[in-house]
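In case you want the letters, here they are:
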Amino acid sequence: MLKIYNTLNNQKEKFEPINPNEVGIYVCGMTVYDFCHMGHARVMVMFDVITRHLKRNFSNVNYVRNITDIDDKIISRALENNEDIYSLTNRFIDEMHQDEKSLGVLSPDIEPRATDSIDKMIEMISSLSKKGLAYQGENGDVFYAVRNFKEYGKLSGKNLDDLMAGARVDIESDKKDPLDFVLWKKAKTDEPSWPSPWGDGRPGWHIECSAMSNHFISNHFDIHGGGMDLTFPHHENEIAQSEGANSCKFVNTWMHVGFVNIDDEKMSKSLKNFFTIRDVLKNYDGETLRYFLISSHYRSPLNYSEANIDNAQSALKRLYNAIKGLDKNVEDKSLINTDFEKKFNAALNDDFNTPMALSILFEIAKQINIERTNNLKKAGALSSELVKLGNYIGILEYNADEYMKQGTELTESDITKKIKQRESARSSKDFAMSDQIRDELFELGIILEDSVNGTTWRRK
RNA sequence: GGCUGGGUAGCAAAGCGGUUAUGCAGGGGCCUGCAAAGCCUUUUAGACCGGUUCGACUCCGGUCCCAGCCUCCA
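For clarity, every value in this text was computed on a predicted model and none was experimentally measured.

## A word on the overall build of chain A
Reasoning step 1: Scanning chain A for helices and strands turns up 16 helices and 15 strands.
Reasoning step 2: For chain A, the C-alpha atoms occupy an extent of roughly 95 × 50 × 35 Å along the three principal directions.
Reasoning step 3: Of all 460 residues assigned to chain A, the portion counted as buried reaches 51%.
Reasoning step 4: Look at the contacts in chain A between residues 6 or more apart in sequence, and 75% of them connect residues 24 or more apart.
Reasoning step 5: About 21500 Å² of surface is accessible on chain A, with carbon and sulfur atoms providing 47% of the total.
Reasoning step 6: Measuring between centres, the 58 positive side-chain charges of chain A sit 5 Å from its 71 negative side-chain charges.

Okay, here's the thing in structure tokens:
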């Protein structure tokens, strides 16, 4: 039984899809004007783990993650670059897809772009307008009348009067109420625009997700996710828009992924304390990054530091080391304890407890290491189990031997030559020479390991 | 000020009202020519103060501290 923590009531609750075996899940994706940073990576990876688990348990999962390709920041960045907005957004969509691939993230089922759904947004704003929930200001912008949606604040646990007390004054606005937000922005000269009943303009950010989720999934669907910073106002506004326009419940389960922090502060573009995925991939492989991101629970804050990623790398290497050199095609179930998979799935069923799931993998690794000296077949069966469960969460995707060797500048044949030299030194008991060769290779980042089957090497 | 979360051993990070989390690091041992890897073993916890309980890191109350949201942000 799958349990998910729902931000709507701040409780872990039993997950039951609206239609049996069908799950609709929508996640707010990126605004594509720059490279993705580690915070984006965490959302991509966590929802990848989540949807992989959903797809194993429900036959028909529709995972939609949008792309925001029209927005103030995109327009100003394109202007800075003296570039067409589509050339800018296409470029960064490609970059994002490359990052996803590095992190082992599977593509969503549908990845709609905002600019392809402008008509759906206009429809929705019209319907809000008919219901008295939207109005056009004198400057031409169309706003949502927050006071007219009585349940406003139910997701974030805020009430309008508390919000008023802390509201920042928006001097140049035509809003009737400072908390009202923009649905449609009147076009300025030289800005991309679309025709609408309110004049040429472009959609506000919040309406994009309401329109796309309603269109690509349904007016009422199972799971909506995103980073924790989207809870308010973005997701609150989505509820106001969708429930206001459709007069039915919008989303059953709201899921929010915690921040990636640096020195216990949120990583963000405005604080300029962010690391892009590209930055980090210069020093670490994608799977190490993925391991790092899933090594804490998705709702907890995750502190970014090199020490912590090093830690993830060591842990992942332990798993690869366990499966190294074993025949992972042994599928004799009688040789393995089926509790491993049960416990693993139970961990994921408990609000996607990835740290718990990982600990099961280490239990298997330990068993493998114990068995490999006396029962190679059993060790092989266990390693196939370990790889299978690892693959469930998108790790252990590589050949262990290759994984342990990757990232060295030396060629295989150079290393093999050195190993042969050392072997002849060893057989003539010239241990000084033997150790010297091993030390030389160590300086170059290569670790040699002697065993009864001969000498193998791996990257430091 | 309002609303969310959270404070676990040297570091990271979970579960659990009583029994080893897990990974890294440290100690001792085995293995090894010596290492590495691995195995065995071991040290280091639960912010603070009360309460409930036979028993609390785990439940309840209070105090202190931290982060996030209340503006665009994943």
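## A short note on the pattern of salt bridges
Once the charged atoms of two side chains with opposite charge are near each other, the side chains can pair.
Reasoning step 1: In this structure the tally under the stated criterion is 38 salt bridges.
Reasoning step 2: As a salt-bridge pair, E80 and R77 come within 3.8 Å of each other at their nearest N and O atoms. Highlighted residues: E80 and R77, both in helix α2 (residues 72–81), separated by 3 residues, approximately one helical turn.
Reasoning step 3: Note on E80: relative accessible area 61%, which makes it exposed.
Reasoning step 4: Judged by its relative accessible area of 22%, R77 falls in the partly exposed class.
Reasoning step 5: Salt-bridge contacts for E95 lead to R278; the nearest nitrogen and oxygen are separated by 2.8 Å. Placement of E95 in helix α3 (residues 85–102) and of R278 in helix α8 (residues 277–281) is noted, with a sequence separation of 183 residues between them.
Reasoning step 6: Each of D34, R77, E80 and K269 takes part in one network of salt bridges that share partners.

## Some remarks on the sheet that holds strand β9 (residues 221–227)
Reasoning step 1: Here we have 4 strands laid out as an open sheet, ordered β4-β3-β9-β10, and parallel in their pairing. Each edge of the sheet is formed by a strand with only one pairing partner; in this case those strands are β4 (60–65) and β10 (251–257). Averaged over all neighbouring strand pairs, the angle between strand axes comes to 20°, with direction disregarded.
Reasoning step 2: Here 3 bridges tie strand β3 (residues 22–27) to β9, and the two strands are oriented parallel to one another. Looking at β9, one finds that V27 is bridged to G225.

## What about the environment of L103?
Reasoning step 1: Considering the arrangement of structural elements, one finds L103 in the loop between α3 and α4 (118–130).
Reasoning step 2: It is 17 Å that separates the C-alpha atoms of L103 and V387, two residues lying 284 residues apart in sequence.
Reasoning step 3: Residues within four places of L103 in sequence aside, it is in contact with A41, M44, V45, I277, G286, L289 and R290.

## Some thoughts on the domain arrangement of chain A
Reasoning step 1: According to the domain assignment, chain A contains domain 1 (307–399) and domain 2 (412–459).
Reasoning step 2: Between domain 1 and domain 2, the C-alpha centre-to-centre distance is 29 Å.

## Concerning the nonpolar core
Reasoning step 1: Ranked by size, the top nonpolar core spans 126 residues in total, and within it L54, L386 and I395 carry the most contacts.
Reasoning step 2: Here this core gets 10 residues from one element, more than from any other, and that element is helix α1 (residues 38–57).
Reasoning step 3: Ignoring anything within four residues of it in the chain, the contact list for I395 reads E287, R290, Y291, I294, L316, L319, L358, L361 and G390.
Reasoning step 4: With 7 residues, the next largest nonpolar core counts I415, I419, I437 and I446 among its residues.

## Brief notes about the pairing of strand β2 (residues 11–14)
Reasoning step 1: Here 4 bridges tie strand β1 (residues 3–6) to β2, and the two strands are oriented antiparallel to one another. When the sheet's bridge partners are listed, Y5 is paired in β2 with K12.
Reasoning step 2: Hairpin remark: β1 followed by β2, antiparallel, with 4 residues in the connecting loop; positive phi at N10, about 55°.

## Overview of the packing of α4 against helix α6 (residues 205–216)
Reasoning step 1: Axis separation between α4 and α6 bottoms out at 9 Å; the angle between their running directions is 105°. Between α4 and α6, the interaxial angle falls into the category roughly perpendicular. Side by side, α4 and α6 meet where K120, M121, M124, I125 and L128 of the first sit next to I207, E208, S210, A211, M212, N214 and H215 of the second.
Reasoning step 2: Looking at the contact of α4 with α6 residue by residue, the class counts come to 7 nonpolar, 3 polar and 2 charged.

## Structural notes on the sheet that holds strand β11 (residues 260–262)
Reasoning step 1: Read from one edge of the open sheet, 3 strands run β12-β11-β13, paired in mixed fashion. Each having just a single partner strand, β12 (265–266) and β13 (302–303) make up the two edges of the open sheet.
Reasoning step 2: Inspection of the sheet shows β11 paired to β13 by 2 bridges, in the parallel sense. Bridged to V260 within β13 is L302.

Cut-offs used in this document
Residues numbered from 1 in each chain as written. Chains lettered and ligands numbered in written order. Predicted model: local features only at pLDDT ≥ 70, side-chain atom pairs only at ≥ 80, totals over all residues. Heavy atoms only, no water. Helix = DSSP H or I, 4+ residues; strand = E, 2+ residues; numbered from the N terminus. Buried < 20%, exposed > 50% of the residue type's maximum accessible area, 1.4 Å probe, protein only. Contact = heavy atoms within 4.5 Å. Areas by Shrake-Rupley, 256 points an atom, 1.4 Å probe, with all protein chains shown as cover. Lys, Arg positive; Asp, Glu negative; His and termini not counted. Charge placed at Lys NZ, Arg CZ, Asp CG, Glu CD. Salt bridge = Lys/Arg side-chain N within 4 Å of Asp/Glu carboxyl O. Pairing = 2+ DSSP bridges. Axes fitted to C-alpha atoms, helices over the stretch in contact; angles between N-to-C directions. Domains from an automatic or database assignment. Core = buried A, V, L, I, M, F, W, Y, C linked by side-chain atoms within 4.5 Å. Parallel < 35°, antiparallel > 145°, perpendicular 65-115°, else oblique. Nonpolar A, V, L, I, M, F, W, Y, C, P; charged D, E, K, R; others polar.

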